[in-house]
Amino acid sequence: SRVNDSKLLTMQHREALFQHLRETAIAIGIGMVFNEAIDDRGIVWATRLAMRQAVEQISPPPESLLIDYLRLPDVKLPQKGIVDGDQKCFSIACASIVAKVTRDRLMANFDAIFPGYGLVCNKGYGTPGHLAGLAKLGACPIHRHSFKPVRDLLQGRLFREDE
């Protein structure tokens, strides 16, 4: 199967490639930063932190890094940020698949804990179903306050259905 940017693959293709990567990769690292930290420090900071966490998990440690677009200034390894790297570079595309499948699975688990937002389907993106859940239920503990619909809700610009 052809590896590509995870956003360009079907869920089934991503899942199959994810399983293949788990079975054949020398190492996989996964970093995770939750909503409070994203709200406090911003999405770019959080993305860099999650990438750094992932790099720190890799054993044997990498000799250099190829990264989609960004660089990690606090990681002391040779590195290159590649614009559209997930479409141009095999290892970045693989990392994109691992990150997307991991996040999608996390959202499916959150859907069971916080029903009504459609997280299993929308994966936390601002789809009409997700926005309808916000309008009906308000924000739940995993929502980022910096997510515009949640920010609007909290600032009284988006009204819940029961108000």
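Quick look at the structure, then. Once a new chain begins, its residue numbering starts again from 1 and follows that chain's sequence as written. Per-residue local features of the predicted model are confined to residues with pLDDT of at least 70, and side-chain atom pairs are confined, for both listing and counting, to 80 or more; whole-chain, interface and lining totals are unaffected and use all residues. The basis for every side-chain value is the complete set of non-hydrogen atoms in the structure, without hydrogens or water.

Some points on the pattern of salt bridges
So the rule is basically this: For this analysis, a salt bridge means a side-chain nitrogen from Lys or Arg found within 4 Å of a carboxyl oxygen belonging to Asp or Glu. Helix numbers and strand numbers start at the N terminus; a helix is a DSSP run of H or I with at least 4 residues, a strand a run of E with at least 2. Partly exposed residues are those whose accessible area sits between 20% and 50% of the maximum for their type, while under 20% is buried and over 50% is exposed, using a 1.4 Å probe and protein chains only.
Tallying each qualifying case throughout the model produces eight salt bridges. The salt bridge partner of D74 is R52, with a shortest N-O separation of 2.3 Å. With a gap of 22 residues between them, D74 in the loop between β1 (65-68) and β2 (79-82) and R52 in helix α3 (residues 43-57) connect regions that are remote in the sequence. Owing to a relative accessible area of 26%, R52 belongs among the partly exposed residues under this scheme. Shared partners join several salt bridges into a network, and the residues in it are D5, K7 and D86.

A look at α3
Note the cut-off: Here the expected span of a helix is defined as 1.5 Å times the quantity of residues minus one. In this analysis, two residues are considered to be in contact whenever any of their non-hydrogen atoms come within 4.5 Å of each other.
Across its 15 residues, α3 extends 21 Å between first and last C-alpha, which sits within 8% of the 21 Å expected from 1.5 Å per residue. Those residues of α3 that fall on the buried side of the exposure criterion are A46, L49, A50, A54 and V55. On the buried face of α3, the contacting elements are α2 (35-41) and β1.

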